[in-house]
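# Reading the structure
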Amino acid sequence: MTTALPDGIADRAPQPSPAVSAAQNRRTAPLAAHLVLAGTLTSLLGISWDIQWHTDVGPDTFFTLSHLMLYSGSAVAGVTSLAMVLLATAAQRAGHPVGDIAGGTPVRVFGGTFRAPLGHLIAGTGAALFLLFGLLDLWWHSLYGFDAVLDSPPHIGLFVSISITMAGSIIVFAAARDTGWGRVGLILSIPVLITFSPITANAFSALPLPVEPDVIGTVFFATLLLVMGTLIVGRSRTALAIAAALGAVQAFLWWFSPWAARVYADSVGLPLRDNLGDDAPEMPAEIPMFALLGAGVIAALLVLGRRRGWSARIVPQLMGAAGGTVTALSMPVQLALLEGSGPSAADLLTMAVVGLAAGALAGYLAARFAVLLREPSTAPATKD
Amino acid sequence: MNSARTTHRFTARTTRRSAAGAAPRGPRGRLHRLLLAAAAALALALAAGAPAAAYAPVGIVHTEKVEAGPYTVTVGFSEWPLRALQSLDFTFAPEGGIAHKSGTLTIDGPGLDDEDRTSSLARHPRKLDVWGLDVQALPEAGKWDFTFALDGHAGPARGTLRDVAVLDQPGPPLAVSWTLCAIPPVGMLAYLAAGWRRNNPAAKLSTLV
């Protein structure tokens with residue numbers, strides 16, 4: 001017995017679903033990566049604006065524009081990452097798995113129910129945690145009142161959540177390091193996390209440390225991320241490009257944060273605080289102004305280590321220790337420049353020790369993180 | 001205040017737009033009804049959020065008098081008794097008003113950073129006819145002093161409000177809150193450690209340099 005199919009059906013290939021088509025589209029990965037970066041940048045602008053608002057103006061509500069900017073940044077990054085996880089899952093189920101370029105090594109989630117590109121999994125987890133800590137923060141405000149303490153436990157939880165999303169953004173771009181957009185994205189996403197790190201490091205402000213924890217955090221994370229980014233791309237000049245991008249972020253925030261605070265205050269009819277003086281903007285002033293010097297040392301040591309054939313087990317720590325020391329020494333100089341005073345010898349000595357120790361540890365970790373992010377089969381904690 | 005008005009205007013506009021068209025029938029009608037329901041939900045959410053969008057007035061529930069030479073300053077507290085880490089508003093109202101007067105406030109108490117102790121007296125941002133501090137938190141329980149160094153028509157003078165009791169922080173012990181908030185970073189570190197152990201990155205360092 002023969003059966004005849006209507007004309008044209010037999011030779012028609014099955015059409016992929018829209019989700020699979022989107023996952024396979026070569027524009028999807030860069031679009032998603034840039035949306036996550038746009039989200040983290042929005043969060044960064046929001047937090048810098050909000051801190052400056054508290055300093056320059058004061059009155060606060062849940063619905064200030066700077067707060068909305070902060071929330072929307074996590075929302076954009078989170079929704080984008082969720083979409084990428086769903087697309088990657090649909091593609092996997094249809095037998096057309098996406099490659100690492102779609103946001104990192106795909107890992108199984110919930111026993112294989114989802115197939116998530118690692119970077120988007122991390123970025124999305126950070127955004128989801130942001131929501132949870134937002135709820136915890138609401139409860140905290142009901143007990144303590146509104147936003148009197150920047151480094152309260154729920155705030156630190158929120159900052160850690162944003163940092164996790166920023167780390168996810170770095171992983172997403174690191175996976176695309178063989179493309180131009182991947183390298184540029186990596187060079188832009190690293191300064192975002194460097195800029196944000198001192199706020200999170202404030203969690204340790206109650207500890208009796210010889211140096212403020214936000215300064216230690218800045219030195220440690222700036223060095224770690226500079227060395228890591230350089231080693232992920234594998235080109236010494238990447239360190240300089242990251243430091244230049246950090247300088248651009250600092251310059252923009254330096255202008256934007258006080259400008260936005262003042263314009264917004266005008267628009268809602270609030271005066272600026274009395275006796276404001278001419279202090280530098282709060283958050284931009286904590287970003288290392290001389291990061292290019294530290295980056296230069298890091299790049300030079302990588303070139304030297306390669307030429308002389310130094311052991312790869314030593315070079316990252318050398319890069320970190322030297323770069324960290326330069327960055328650490330620049331911090332009291334920066335403070336002195338901004339406050340019109342001179343750094344004391346004791347400050348410089350303390351910072352040299354901090355930079356050496358934090359930098360060496362940062363270099364050690366940075367090299368290993370770079371290996372993990374360069375290896376296509378690395379990092380999944382769940383078995384495939 | 002203006003912010004609250006803006007929210008109300010937006011809410012009203014959204015509601016009017018929702019009520020403007022009758023829902024057509026068919027699939028497009030269902031979509032239209034869905035959009036209307038979403039707009040109504042948004043309007044409700046914004047209306048519920050409107051009080052949070054307004055800058056709260058400064059509510060003083062307790063006052064103390066301080067004699068600083070010829071000046072009498074009424075210190076107002078937005079909460080009483082005071083508790084550590086609580087968000088507080090303070091008002092400082094000298095007799096005869098703040099015009100042609102200036103000065104500094106020095107706060108002394110446990111756990112306060114040196115750089116936060118002394119500040120110029122400035123108008124309270126939400127109560128501009130008096131000096132004050134807005135959304136301030138005192139870090140630890142104990143006895144706190146507030147010293148005013150004033151200058152005005154009767155010359156310079158000092159006065160201190162001594163031994164203001166600050167009770168323990170409200171809510172659960174801080175260690176519990178910190179433990180809860182440490183779960184995500186600890187989880188991420190555990191995830192990282194698992195990936196690290198699985199891949200042994202130290203063995204592949206030579207690919208980097």
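Basis of the calculations
Residues numbered from 1 in each chain as written. Chains lettered and ligands numbered in written order. Predicted model: local features only at pLDDT ≥ 70, side-chain atom pairs only at ≥ 80, totals over all residues. Heavy atoms only, no water. Helix = DSSP H or I, 4+ residues; strand = E, 2+ residues; numbered from the N terminus. Buried < 20%, exposed > 50% of the residue type's maximum accessible area, 1.4 Å probe, protein only. Contact = heavy atoms within 4.5 Å. Areas by Shrake-Rupley, 256 points an atom, 1.4 Å probe, with all protein chains shown as cover. Patch = residues over 30% accessible without salt bridge, like charges linked within 9 Å, V, L, I, M, F, W, Y side chains within 5 Å. Salt bridge = Lys/Arg side-chain N within 4 Å of Asp/Glu carboxyl O. Expected span 1.5 Å × (residues − 1). Arc of directions from axis to C-beta. Pairing = 2+ DSSP bridges. Core = buried A, V, L, I, M, F, W, Y, C linked by side-chain atoms within 4.5 Å. pLDDT = per-residue confidence, 0-100. Axes fitted to C-alpha atoms, helices over the stretch in contact; angles between N-to-C directions. Parallel < 35°, antiparallel > 145°, perpendicular 65-115°, else oblique. Left-handed = near helix turned anticlockwise from the far one by under 90°. Nonpolar A, V, L, I, M, F, W, Y, C, P; charged D, E, K, R; others polar. Buried area = accessible area lost by both parts, 1.4 Å probe. Polar contact = N/O pair within 3.5 Å; in protein donor to acceptor, adjacent residues only side chain to side chain.

What follows is about the overall build of chain A. Secondary structure summary: chain A contains eleven helices and two strands in total. Start at the N end of chain A and walk to the C end: the helices and strands fall as α-α-α-β-β-α-α-α-α-α-α-α-α. In chain A, which comprises 384 residues, the proportion classed as buried is 53%. Put simply, of all contacts in chain A between residues at least 6 apart along the chain, 75% involve residues at least 24 apart. As displayed, chain A has an accessible area near 16400 Å², and 66% of this comes from carbon and sulfur atoms.

Residues and elements named next belong to chain A. Residues Phe 252, Trp 255, Trp 259 and Val 263 make up a contiguous nonpolar surface patch of about 410 Å² in total accessible area. The topology assignment puts Val 263 in helix α8 (residues 237-267). Accessibility expressed as a relative area gives 40% for Val 263, which makes it partly exposed.

What follows deals with helix α9 (residues 291-308) of chain A. All names here are of chain A. In a regular helix each residue adds 1.5 Å, so 18 residues correspond to 26 Å; α9 covers 26 Å between its end C-alpha atoms and thus fits that length. Buried residues of α9: Ala 291, Gly 294, Ala 295, Ile 298, Ala 299, Leu 301, Leu 302 and Gly 305, and no others. For α9, the angular spread of buried residues about the axis comes to 160°, placing them on one side. Among the exposed residues of α9, those oriented more than 90 degrees off its buried face are Leu 293, Arg 307 and Arg 308. On its buried face, α9 is in contact with α7 (213-233), α8 and α10 (315-339). Trailing α9 by a residue or two, Gly 309 shows a phi angle of about 70°, which is positive.

Moving on, we get to the pattern of salt bridges. Residue and element names in this part refer to chain B. For the structure on display, the rule yields seven salt bridges over all chains. Between Arg 126 and Asp 89 there is a salt bridge whose closest N-O contact spans 2.6 Å. Of the two residues, Arg 126 sits in the loop between β7 (123-124) and β8 (127-136) while Asp 89 sits in strand β4 (residues 88-94), which places them 37 residues apart along the sequence. Exposure remark for Arg 126: the relative accessible area of 22% places this residue in the partly exposed category. Asp 89 sits in the buried class, given a relative accessible area of 10%. Between Arg 162 and Asp 145 there is a salt bridge, and its shortest N-O distance comes to 3.7 Å. Taken together, the positions of Arg 162 in strand β10 (residues 157-167) and Asp 145 in strand β9 (residues 142-151) put the pair 17 residues apart, joining distant regions of the chain. Of the residues examined, Arg 162 reaches a relative accessible area of 55% and is grouped as exposed. A network of salt bridges, in which partner residues are shared, links Asp 108, Asp 114 and Arg 117.

In this section: the side chain of Arg 368 of chain A. Secondary-structure assignment places Arg 368 of chain A in helix α11 (residues 345-374). Excluding anything up to four places from it in sequence, Arg 368 of chain A contacts Arg 313 of chain A together with Trp 196, Pro 201, Ala 202 and Leu 205 of chain B.

Paired through their backbone hydrogen bonds, the strands of a sheet run either parallel or antiparallel. What the five strands build is an open sheet, ordered β1-β2-β4-β8-β7 (chain B); its pairing is antiparallel. In this open sheet, the two strands that pair with only one neighbour each are β1 (62-68) and β7 of chain B.

Here we take up the sheet that holds strand β5 (residues 102-108) of chain B. Residues and elements named next belong to chain B. Here we have five strands laid out as an open sheet, ordered β3-β10-β9-β5-β6, and mixed in their pairing. Single-partner strands in this sheet number two, and they are β3 (82-83) and β6 (118-120). One ladder, built from three bridges, connects β5 with β6; its direction is antiparallel. If you follow Leu 105 over to β6, its bridge partner there is Ser 119.

Among the nonpolar cores identified, the biggest contains 89 residues, and Trp 53, Leu 224 and Met 228 of chain A are the most heavily contacted of them. If we skip the residues at most four places from it in the chain, Trp 53 of chain A touches Gly 58, Pro 59, Ala 261, Tyr 264, Ala 265, Val 268 and Leu 270 of chain A together with Tyr 55 of chain B. If you look at the next biggest cluster of nonpolar residues, it comprises 27 residues, including Phe 77, Phe 148, Leu 161 and Val 166 of chain B.

The predicted model of chain B has a mean per-residue pLDDT of 81, with 74% of residues at 70 or higher. Confidence drops under a pLDDT of 50 for residues 1-25 of chain B, and excluding neighbours within four residues, the segment shows 26 contacts in the predicted structure.

Residue and element names in this part refer to chain A. At their nearest, the axes of α9 and α10 sit 8 Å apart, and the two run at 160° to each other. When the axes of α9 and α10 are compared, the pair comes out roughly antiparallel. Like other packed secondary-structure pairs, α9 and α10 cross with a definite hand, here right-handed. Along the contact surface, α9 presents Leu 293, Gly 294, Val 297, Ile 298, Leu 301, Leu 302 and Gly 305, while α10 presents Val 315, Leu 318, Met 319, Ala 322, Gly 323, Val 326 and Thr 327. For the contact of α9 with α10, the residue count by class is ten nonpolar, four polar and no charged.

As for its position among the elements, Ser 152 of chain A is in the loop between α4 (118-144) and α5 (153-175). Since its relative accessible area comes to 4%, Ser 152 of chain A is described here as buried. Apart from the residues lying within four places of it in its own chain, the contact partners of Ser 152 of chain A are Trp 140 of chain A together with Trp 178 of chain B.

This next bit is on the interface of chain B and chain A. Contacts between the two partners involve 48 residues from chain B and, on the opposite side, 66 residues from chain A. For the pair chain B and chain A, the summed buried area comes to about 4600 Å², and 70% of that belongs to carbon and sulfur atoms. Our enumeration of links across chain B and chain A arrives at two salt bridges. Residues Arg 123 of chain B and Asp 274 of chain A are paired through a salt bridge, measuring 3.0 Å at the closest nitrogen-oxygen approach. Between chain B and chain A we count seven residue pairs in polar contact (both at pLDDT 80 or more) in total. Where the side of chain B that touches chain A is concerned, the elements lending two or more residues are α2 (26-53), β8 and α3 (174-199) of chain B. Take the side of chain B that touches chain A: its biggest share by element is 15 residues, from α3 of chain B. Among the residues making up the side of chain B that touches chain A, the classes are represented as 30 nonpolar, 13 polar and five charged.

Residue and element names in this part refer to chain B. Bridge analysis of β4 against β8 gives four bridges, and the strand direction is antiparallel. Within β8, the residue paired with Phe 90 across the bridge is Leu 133. Pairing of β7 with β8, which is carried by two bridges, proceeds in the antiparallel orientation. If you follow Arg 123 over to β8, its bridge partner there is Trp 131. The turn linking β7 back onto β8 is made up of two residues.

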